[in-house]
Protein chains: 2
Amino acid sequence: MKQIKRFFTCALVGVVACVSAIAQQALSSRIDLRSGVVNDDHSVTVRYYAPLAKEVYLCGDLAGRQLLSRDEAGIWSFTTAPLPDELYMYWLEVDGLRILDPGSVHLVRDIASLFNYVIVGDRYAVQPVRHGSVAAVWYPSVMGMRRMSVYTPAGWDGKTPLPVLYLLHGSGGDEQAWLELGRTAVILDNAIAQGRCKPMIVVMPNGNMSEEAAPGYGSKGLVVPGIPAEHRMDGLFETLFPEMIAYIDSHYSTLTDRGNRAVAGLSMGGYHSFWIALNEPEQFAYAGLFSPVYFHPGQQNEHGDWVSPIYADCDKKLLQLNEAGIAIRLYIGSNDFLYEQNVAMRQRLDSLHIPFHYTESTGGHEWRNWRTYLYDFISHIF
Amino acid sequence: MKQIKRFFTCALVGVVACVSAIAQQALSSRIDLRSGVVNDDHSVTVRYYAPLAKEVYLCGDLAGRQLLSRDEAGIWSFTTAPLPDELYMYWLEVDGLRILDPGSVHLVRDIASLFNYVIVGDRYAVQPVRHGSVAAVWYPSVMGMRRMSVYTPAGWDGKTPLPVLYLLHGSGGDEQAWLELGRTAVILDNAIAQGRCKPMIVVMPNGNMSEEAAPGYGSKGLVVPGIPAEHRMDGLFETLFPEMIAYIDSHYSTLTDRGNRAVAGLSMGGYHSFWIALNEPEQFAYAGLFSPVYFHPGQQNEHGDWVSPIYADCDKKLLQLNEAGIAIRLYIGSNDFLYEQNVAMRQRLDSLHIPFHYTESTGGHEWRNWRTYLYDFISHIF
């Protein structure tokens with residue numbers, strides 16, 4: 001019977017899509033329970049049916065923590081003020097219990113937590129423009145087969161050689177982070193359509209050398225994602241990076257001169273990008289450091305594993321890289337908890353008279369900044 | 001402060017990954033809250049921290065509806081009996097409120113509902129074998145750009161011509177359904193590694209002509225998914241199918257003779273497959289009908305839109321197709337609500353003396369059957 005209903009009851013789906021999700025009381029009529037809805041004035045309405053609940057809060061970055069209002073039918077709702085263009089994350093709190101909003105199926109994962117999300121405005125929304133392809137691709141490494149995400153631009157014939165951006169996630173991320181939280185495919189589609197950047201391939205590897213793929217996609221089963229304690233910032237990822245470049249250049253039609261190759265990353269990925277650029281001076285003419293981790297040479301990282309030759313001779317490598325020609329763009333939010341590390345990085349670059357472009361935004365160590373940094377960075381490369 | 005914690009507190013992540021998800025009471029020590037965990041004996045343990053809850057139930061197909069037991073610390077848990085190899089879907093019910101399990105991040109969407117899932121055993125698990133690529137690809141249609149999923153097998157050089165299976169979803173599905181609920185990439189990876197089937201390209205289109213892509217991936221924004229009322233089974237999808245074949249054959253190295261092309265689908269996708277095979281007798285030598293919708297010619301469908309010439313001359317087209325040579329495999333569960341329609345389909349084929357292979361399984365109109373049908377079907381084609 002349930003099956004028959006699922007198949008034939010078209011009119012109700014979407015209107016009371018979450019009826020079955022609410023066991024507290026059955027709904028007897030057609031009521032709009034769509035939630036996370038962006039209104040014409042760019043306000044957002046959240047709705048939740050729970051007649052027996054005592055209090056329901058909206059949480060996250062839509063509007064801070066807000067008590068919803070209950071109507072006579074038992075539907076709780078809240079509408080925010082009109083909001084700026086952004087991707088917002090939220091959840092509900094029902095009588096002290098954190099839950100995901102059953103009125104929306106749109107979720108993103110940030111490490112081990114899931115959030116509902118809403119996109120206000122055009123910047124991060126899928127536009128009626130031509131869309132590139134996104135592929136999950138496995139490449140051979142001395143560490144075994146590893147998974148990466150590869151964006152190729154709309155209408156590419158697969159033959160015309162393209163420049164390549166290697167885009168690295170932060171600690172706790174994986175090869176899906178830039179696609180899901182970073183909206184990379186949408187940002188690239190829109191920027192290319194607007195003529196803001198050149199068509200390019202974007203390679204998003206998995207930067208955790210202790211895992212082969214994002215949780216659920218590797219052969220270790222449906223593990224709880226976490227921050228791998230090993231092989232995070234010990235030099236292994238940077239050391240093996242050339243095998244990824246070799247795979248991309250042999251499986252895609254690419255422009256292989258350094259002027260057509262860029263590396264950028266956020267947080268741990270900024271740290272990786274910095275050291276990859278330093279150790280491969282002939283490979284990259286552009287480096288994007290988004291809120292990068294920066295351990296002053298001579299310091300150990302928190303695992304005490306300052307051992308890789310990748311991290312040796314920092315000043316010498318920086319001068320060599322500068323000689324080869326490098327356009328460094330450093331981005332940081334004024335409230336970022338890594339701000340002081342970035343002051344140290346700037347001082348080091350300045351002390352060696354190495355030019356770089358510096359952008360200081362508001363905000364902290366967060367995706368709303370990294371999306372903006374990416375949007376800017378891609379317009380300055382190639 | 002929250003940011004700093006996220007970055008540096010490695011040891012706790014994965015162990016108390018869902019602490020922040022529980023507002024009822026703070027946990028003060030390290031406690032294992034991983035949930036949806038498959039144990040060595042293939043039982044599954046679900047855990048949920050809610051000291052103030054009055055009753056917590058496990059729901060779904062893991063073990064039916066089961067009351068969890070509460071320990072002194074306020075952790076509710078339940079361990080199932082050892083389970084057969086399968087993908088199971090579940091959710092929790094806390095004091096009458098349906099929620100997703102915060103101890104697991106592994107979710108699948110079925111139309112407009114999200115479920116936690118667990119994979120027991122090897123059949124649908126990612127194995128340590130070589131993995132194919134999965135791409136989200138946009139192709140041009142007279143209806144505008146449309147999104148499809150394309151699986152290409154591990155180690156393919158992109159040049160060796162391959163056979164192609166077109167794999168169609170059911171009503172309410174989209175181009176992600178076969179990948180997420182159907183585990184197509186895993187099934188193909190494992191079957192190819194076992195030598196159970198030939199390496200092939202699998203094309204999973206979006207069969208809802210009123211949408212360009214799965215919800216959230218098209219330019220209509222973050223809509224609530226539903227069953228589109230228009231262009232579902234009115235002949236438009238089947239009529240435009242040749243434009244998809246043309247795209248695939250011009251963008252991938254394929255074997256283009258009918259002996260190397262198959263079409264299969266579940267439910268509505270079985271109906272689509274049937275009519276596509278009938279109308280393109282020179283294109284397909286294999287048809288897989290998994291619990292197909294079947295309206296006896298002469299009947300109208302529920303929208304009364306029996307108008308497309310695609311659906312005319314059924315018997316004549318069947319005989320032509322039989323003449324050209326077609327291997328039809330029909331699968332249905334004995335409890336499927338479409339069982340009677342399938343009796344009618346078999347009678348029609350028998351009355352025309354058209355041979356077909358018939359498999360009747362247990363169970364109903366459900367993914368655990370469709371995954372099995374796919375696993376069998378791919379070993380009989382090409």
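Residues numbered from 1 in each chain as written. Chains lettered and ligands numbered in written order. Predicted model: local features only at pLDDT ≥ 70, side-chain atom pairs only at ≥ 80, totals over all residues. Heavy atoms only, no water.

Peer 1: So what's going on with the overall build of chain A? Residues and values would help.
Peer 2: Tallying secondary structure elements over chain A gives 8 helices and 18 strands in all. For chain A, with 382 residues in total, the buried portion stands at 62%. Taking the intrachain contacts of chain A between residues at least 6 apart in sequence as the baseline, contacts between residues at least 24 apart amount to 73%. (Helix = DSSP H or I, 4+ residues; strand = E, 2+ residues; numbered from the N terminus. Buried < 20%, exposed > 50% of the residue type's maximum accessible area, 1.4 Å probe, protein only. Contact = heavy atoms within 4.5 Å.)

Peer 1: How would you sum up the pairing of strand β15 (residues 261–266) of chain B? Please name residues and give values.
Peer 2: Residue and element names in this part refer to chain B. β15 sits mainly inside the fold: 6 of its 6 residues count as buried. Of the two faces of β15, the one lined by Arg261, Val263 and Gly265 and the one lined by Ala262, Ala264 and Leu266 are each fully buried. By the bridge criterion, 5 bridges tie strand β13 (residues 164–168) to β15 in an arrangement that is parallel. Bridge pairing in β15 places Leu168 opposite Gly265. Relative to strand β16 (residues 286–290), β15 runs parallel, the two being bridged by 5 bridges. Each residue of the ladder has a partner; that of Gly265, found in β16, is Leu289. Between β15 and its parallel partner β16, the chain crosses via helix α5 (residues 268–279), and the hand of that crossover is right-handed. (Pairing = 2+ DSSP bridges. Right-handed = clockwise from strand over helix to strand, strands pointing away.)

Peer 1: Could you give an account of the packing of aromatic side chains, naming the residues involved and the relevant values?
Peer 2: Aromatic rings considered in pairs are described by the distance between their centres and by the relative angle of their planes. In total, this model carries 36 aromatic pairs over all chains according to the counting rule given. Taking 6.1 Å as the distance between ring centres and 90 degrees as the angle between the ring planes, the aromatic pair formed by Tyr166(B) and Phe284(B) counts as edge-to-face. Residue Tyr166(B) is found in strand β13, and its partner Phe284(B) is found in the loop between α5 and β16; the two are separated by 118 residues along the sequence. Ring centres of Phe274(B) and Tyr294(B) lie 5.7 Å apart, and the angle between their planes is 85 degrees; this geometry places the pair in the edge-to-face category. One end of the pair, Phe274(B), is in helix α5; the other, Tyr294(B), is in the loop between β16 and α6 (314–324), and 20 residues separate them in sequence. Assigned by exposure class, Phe274(B) and Tyr294(B) land together as buried. Among the aromatic residues, ring-to-ring pairing joins Trp178(A), Phe290(A), Tyr331(A), Trp367(A), Trp370(A), Tyr373(A) and Phe377(A) into one connected group. When the ring centre of Tyr375(A) is taken as origin, the NZ or CZ atom of Arg196(A), which lies over that ring, is 4.1 Å away. (Phe/Tyr/Trp six-rings, centres within 6.5 Å; stacked < 30°, edge-to-face > 60°. Lys NZ or Arg CZ within 6 Å of the ring centre and 35° of its normal.)

Peer 1: Please provide a residue-by-residue account of the sheet that holds strand β1 (residues 37–38) of chain A, values included.
Peer 2: Residue and element names in this part refer to chain A. In spatial order, the strands read β1-β2-β6-β5; together these 4 strands make up an open sheet with antiparallel pairing. Sheet topology places β1 and β5 (69–70) at the edges, where each strand pairs with a single neighbour. Note: strand β2 (residues 44–49) against strand β6 (residues 75–79), 5 bridges, orientation antiparallel. Paired with Val46 across the bridge in β6 is Phe78.

Peer 1: Run through the confidence of the model for chain A, naming residues and quoting values.
Peer 2: All names here are of chain A. For chain A, the average pLDDT comes to 88, and 88% of its residues sit at 70 or higher. Throughout residues 1–29 the model reports pLDDT below 50, and contacts reaching past four residues in sequence, or to other chains, amount to 65 contacts. At the level of chain-chain contacts, confidence expressed as ipTM amounts to 0.87, with global pTM at 0.90. (pLDDT = per-residue confidence, 0-100.)

Peer 1: Could you give an account of the packing of helix α4 (residues 236–251) of chain A against helix α5 (residues 268–279) of chain A, naming the residues involved and the relevant values?
Peer 2: Each pair of packed helices gets described by two things: the angle between the helix axes and the distance between those axes. All names here are of chain A. Where α4 contacts α5, the axes come no closer than 9 Å and their chain directions differ by 60 degrees. Regarding the angle of α4 to α5, the classification is oblique. Crossing hand, α4 versus α5: right-handed. Each of Phe237, Glu238 and Phe241 in α4 lies in contact with α5, whose residues at this interface are Tyr271, His272, Trp275 and Ile276. Considered class by class, the residues forming the contact of α4 with α5 number 5 nonpolar, 1 polar and 1 charged. (Axes fitted to C-alpha atoms, helices over the stretch in contact; angles between N-to-C directions. Parallel < 35°, antiparallel > 145°, perpendicular 65-115°, else oblique. Left-handed = near helix turned anticlockwise from the far one by under 90°. Nonpolar A, V, L, I, M, F, W, Y, C, P; charged D, E, K, R; others polar.)

Peer 1: Break down the pairing of strand β18 (residues 357–361) of chain B for me, citing the residues and quoting the values.
Peer 2: All names here are of chain B. Direction of pairing for strand β17 (residues 327–333) relative to β18: parallel, over a ladder of 5 bridges. Pairing of Ile332 across the sheet is with Glu360, part of β18. Note that the unit made of β17, helix α7 (residues 339–351) and β18 has a crossover that is right-handed.

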